[in-house]
Amino acid sequence: MCVLEKSSRLGGGSAYSTGGLWIGANHHQAEHNLSDSLEETQSYMEFVSGGAAIPENLNAFVKKSPEALKAFEKMGLRFEIRPTVPDHYYPHGPNSKPGGRSFGAAPVTREELGNWFNLIEENPYFPPGVSNSEIADWGGLGNMRNWDKKTLRERSEIGTLGVGQAVVGQFLLGLLKRNVSIYTDFNVTSLTTRDGRVTGVNGSHSGQSKKIQANLGVVIATGGYEGNPELVDRFEGIPGWRSMFPPGVTGDGMVMATEIGAANSETVRVHRFHGH
């Protein structure tokens with residue numbers, strides 16, 4: 001197993017985010033006397049999607065995300081439930097909840113990651129070390145100037161990853177504990193196939209052409225396409241678009257997948273504030 005990162009730093013758009021995870025009907029809710037069910041989660045998600053979701057994908061997310069959370073925690077990854085942070089449309093959305101479906105990753109320190117700490121993409125939107133949970137506890141984004149400056153200064157001095165960087169850091173810790181090979185500056189350019197199945201990737205690393213054969217499969221995790229003007233124009237049609245993500249987020253996965261026959265679903269043009 002290996003991870004191939006196009007950029008010289010790890011994390012991409014996830015490192016720029018607030019690092020929030022949304023998982024309904026999870027096993028931590030009972031610890032806070034919060035009730036939920038897969039049926040209620042499904043109902044709320046159908047409301048939020050406004051009919052634009054692909055049913056099979058929505059169903060898979062609702063059913064499998066609680067299982068994924070358990071599996072990641074079993075591997076040693078640490079996440080923090082936000083028991084008092086409500087769903088976006090609470091109490092107006094059907095089966096919305098007053099809390100317990102939102103999570104953030106536990107902060108990760110330089111001591112834990114060693115030299116890998118400096119290879120994680122910097123977050124230009126939040127002070128170093130603030131956790132996803134603290135954003136809500138400290139009054140939200142609108143109260144940023146009044147956040148606990150002493151605590152944040154101390155975390156910055158010891159080296160602490162928060163918000164989206166912490167999500168990347170937690171998964172990186174899991175990979176390092178399992179001795180998974182991680183390559184930066186590895187530009188994957190195409191998928192290889194045989195008999196209708198993906199068998200590996202072609203690309204370049206350190207100026208040399210590379211081909212990697214996969215024994216079990218290839219996971220495409222390349223994020224969005226905000227840094228690709230052609231795809232932005234095709235799917236968004238917004239004049240003067242400016243990306244708020246790292247320049248390497250260019251939709252490579254979408255391009256490579258469509259080259260071998262995958263289909264794109266029509267995107268719904270809903271423009272919202274970055275940072276949810």
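Structure: above.
This is a predicted model, so every value here is computed, not measured.

Asks: Which parts of the structure should I look at to understand the nonpolar core?
Replies: Of all hydrophobic cores here, the largest spans 11 residues; its members are L10, A15, V108, L113, F117, I120, L161, V168, L172, L173 and I182. Per-element tally for this core: the top contributor is helix α7 (residues 163-177), with three residues. For L172, the contacting residues outside a window of four places in its chain are L10, L113, W116, I120 and I182. L69, F79, A105 and V167 belong to the second-largest nonpolar core, a separate cluster that totals nine residues.

Asks: I keep staring at a nonpolar patch on the surface and nothing clicks. Help me out?
Replies: On the surface, a cluster of nonpolar side chains totalling about 270 Å² of accessible area is made up of V198, V218, I220 and I260. Residue class for V218 comes out partly exposed when judged on its relative accessible area of 32%.

Asks: What should I look at first to understand the side chain of T192 in this one?
Replies: Take T192: it is sitting in strand β8 (residues 186-194). The buried category is assigned to T192, whose relative accessible area is 10%. Once you skip the residues sitting within four places of it in the chain, T192 turns out to touch R197, V198, T199, G200, V201, N202 and K211.

Asks: What am I meant to see in the packing of aromatic side chains here?
Replies: Aromatic ring pairs are defined here through the distance separating the ring centres and the angle between the ring planes. By the definition in use, this model includes 10 aromatic pairs. Note on W22 and F61: the rings are 6.5 Å apart at their centroids and 20° apart in plane angle, and the pair reads as stacked. Of the two residues, W22 is situated in strand β2 (residues 20-22) and F61 in helix α3 (residues 55-74); the sequence distance between them amounts to 39 residues.

Asks: Can you walk me through the pattern of salt bridges in this structure?
Replies: Two side chains bearing opposite charge may form a pair once their charged atoms approach each other closely. Using the criterion set out here, one finds 10 salt bridges in the structure. With a shortest N-O distance of 2.8 Å, D36 and R101 are connected by a salt bridge. Residue D36 is found in the loop between β2 and α2 (38-49), and its partner R101 is found in the loop between β3 (79-81) and β4 (102-105); the two are separated by 65 residues along the sequence. Assigned by exposure class, D36 and R101 land together as buried. Residue E40 pairs with K97 through a salt bridge whose shortest N-O separation is 3.0 Å. With E40 in helix α2 and K97 in the loop between β3 and β4, this residue pair connects regions lying 57 residues apart in the sequence. Salt bridges here are not isolated pairs; linked through shared partners, they connect D36, D87 and R101.

Asks: Got a minute to help me understand the pairing of strand β10 (residues 208-213) in this structure?
Replies: Consecutive residues of a regular strand have side chains that alternate between opposite faces of the sheet. In this structure, strand β9 (residues 197-205) lies alongside β10, joined through six bridges in antiparallel fashion. In the sheet register, N202 faces β10, and the bridge partner there is K211. Between β9 and β10, which pair antiparallel and follow one another directly, the connecting turn spans two residues, one of which, S206, has a positive phi of 55°.

Asks: It is not clear to me how the pairing of β9 should be interpreted in this structure. Could you clarify?
Replies: Pairing of β8 with β9 involves eight bridges; the strand directions are antiparallel. When the bridges of β9 are listed, L191 appears paired with V201. Between the antiparallel neighbours β8 and β9 lie two residues, among them D195 with a positive phi of about 55°.

Asks: Please clarify how α3 should be interpreted in this entry.
Replies: A turn of α-helix holds 3.6 residues, and therefore any two residues three or four places apart point the same way. The terminal C-alpha atoms of α3, which comprises 20 residues, lie 29 Å apart, in line with the 28 Å expected from a rise of 1.5 Å per residue. At K64, α3 shows its maximal kink, close to 40°; a proline, P66, follows between one and four residues later. Turning to α3, its buried residues are L58, V62, S65, P66 and L69. Looking at the buried side of α3, the elements it contacts are α2, β3 and β4. Positioned one or two residues after α3, G76 has a phi angle of 105°, which is positive.

The rules behind these values
Residues numbered from 1 in each chain as written. Predicted model: local features only at pLDDT ≥ 70, side-chain atom pairs only at ≥ 80, totals over all residues. Heavy atoms only, no water. Core = buried A, V, L, I, M, F, W, Y, C linked by side-chain atoms within 4.5 Å. Buried < 20%, exposed > 50% of the residue type's maximum accessible area, 1.4 Å probe, protein only. Helix = DSSP H or I, 4+ residues; strand = E, 2+ residues; numbered from the N terminus. Contact = heavy atoms within 4.5 Å. Patch = residues over 30% accessible without salt bridge, like charges linked within 9 Å, V, L, I, M, F, W, Y side chains within 5 Å. Areas by Shrake-Rupley, 256 points an atom, 1.4 Å probe, with all protein chains shown as cover. Salt bridge = Lys/Arg side-chain N within 4 Å of Asp/Glu carboxyl O. Phe/Tyr/Trp six-rings, centres within 6.5 Å; stacked < 30°, edge-to-face > 60°. Pairing = 2+ DSSP bridges. Expected span 1.5 Å × (residues − 1). Bend = angle between axes of the 7 residues up to and from the residue.

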